[in-house]
Amino acid sequence: QVQLVESGGGLVQAGGSLRLSCVASGMVFSTDVLGWYRQAPGKQRELVATITRGGNANIKYADSVNGRFIISRDIAKNTVNLQMNSLKPEDTAVYYCYSKAVTGRESWGPGTEVTVSS
């Protein structure tokens, strides 16, 4: 199993930037996909961005963040990062680090809160 721990959340004004980081430990060698999801109050958890761990990084973004957020990974450090720029109040949510193993098993971090004030 993979353990995930996020950091970097906080309060920022609209138009500002934040960088989230997630460190993976445990059976990281079995990880196929890393990424970020978010859940706003009263809403369902939604995909933000994913990146494949090996080979050429295959990246997907939600339409709502494409062009503003950048996902990256550091295989040597077992980390996945999310650079969030031009933040909007609607980006306010708890952000969860995510991994999926080649077996299909999913793991989640405890979440880090991001609040964007208008």
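Every value quoted in this text rests on a predicted model; they were computed, and no experiment measured them.

Take the nonpolar core next. Core analysis: the biggest nonpolar cluster contains 27 residues, and W36, V48, F69, V80, L82, M84 and Y95 have the highest contact counts within it. Of all the elements in the fold, those that place two or more residues in this core are β1 (2–7), β3 (18–26), β4 (31–39), β5 (46–52), β7 (69–74), β8 (79–84), β9 (93–101) and β11 (112–117). Residue contributions to this core peak at 4 residues, all from β3.

Turning our eyes to something else, we now look at the packing of aromatic side chains. Overall, the coordinates contain 3 aromatic pairs when judged by the stated rule. Consider the rings of Y37 and Y98, whose centres lie 5.1 Å apart with planes at 55°: the pair is tilted. Taken as a pair, Y37 in strand β4 and Y98 in strand β9 lie far apart in primary sequence, 61 residues in all. Residue Y37 is classed as buried on the basis of its relative accessible area of 19%. Classification of Y98 by relative accessible area gives buried; the value is 5%. Taking the centre distance of 4.9 Å and the plane angle of 55° together, the rings of Y98 and W108 count as tilted. One end of the pair, Y98, is in strand β9; the other, W108, is in strand β10 (residues 106–108), and 10 residues separate them in sequence. We classify W108 as partly exposed; its relative accessible area is 34%. Above the face of the Y96 ring, R45 is positioned so that its terminal group lies 3.7 Å from the ring centre. One residue, R45, lies across the ring of W108, its end atom 4.6 Å from the ring centre.

All chains considered together, the criterion is met by 3 salt bridges. A salt bridge links D91 to R38, with the shortest nitrogen-to-oxygen separation between them at 2.9 Å. On the criterion of sequence distance, the pair formed by D91 in the loop between β8 and β9 and R38 in strand β4 is long-range, its members being 53 residues apart. Assigned by exposure class, D91 and R38 land together as buried. Its salt-bridge partner being R68, residue D91 comes within 2.7 Å of it at the nearest N-O pair. On the criterion of sequence distance, the pair formed by D91 in the loop between β8 and β9 and R68 in the loop between β6 (59–61) and β7 is long-range, its members being 23 residues apart. The pair formed by D91 and R68 is uniform in burial state, with each residue classed as buried. Sharing partners across several salt bridges, the network here consists of R38, E46, R68 and D91.

Below, the discussion takes up the sheet that holds β7. As summarised here, the arrangement of the 4 strands in space is β1-β3-β8-β7, forming an open sheet in which the pairing is antiparallel. A strand with exactly one partner marks an edge of an open sheet, and here the two such strands are β1 and β7. Averaged over all neighbouring strand pairs, the angle between strand axes comes to 15°, with direction disregarded.

Inspection of the secondary structure assignment puts S30 in the loop between β3 and β4. Look at S30 and you get buried, because its relative accessible area is 14%. Among the polar contacts listed, one links the side chain of S30 to the backbone oxygen of M27, at a separation of 2.7 Å. For S30, the residues in contact, after removing those within four places along its chain, are K100, A101 and V102.

Reading guide: rules and limits
- Residues numbered from 1 in each chain as written.
- Predicted model: local features only at pLDDT ≥ 70, side-chain atom pairs only at ≥ 80, totals over all residues.
- Heavy atoms only, no water.
- Core = buried A, V, L, I, M, F, W, Y, C linked by side-chain atoms within 4.5 Å.
- Buried < 20%, exposed > 50% of the residue type's maximum accessible area, 1.4 Å probe, protein only.
- Helix = DSSP H or I, 4+ residues; strand = E, 2+ residues; numbered from the N terminus.
- Phe/Tyr/Trp six-rings, centres within 6.5 Å; stacked < 30°, edge-to-face > 60°.
- Lys NZ or Arg CZ within 6 Å of the ring centre and 35° of its normal.
- Salt bridge = Lys/Arg side-chain N within 4 Å of Asp/Glu carboxyl O.
- Pairing = 2+ DSSP bridges.
- Axes fitted to C-alpha atoms, helices over the stretch in contact; angles between N-to-C directions.
- Polar contact = N/O pair within 3.5 Å; in protein donor to acceptor, adjacent residues only side chain to side chain.
- Contact = heavy atoms within 4.5 Å.

By themselves, these are just geometric observations and shouldn't be taken as functional.
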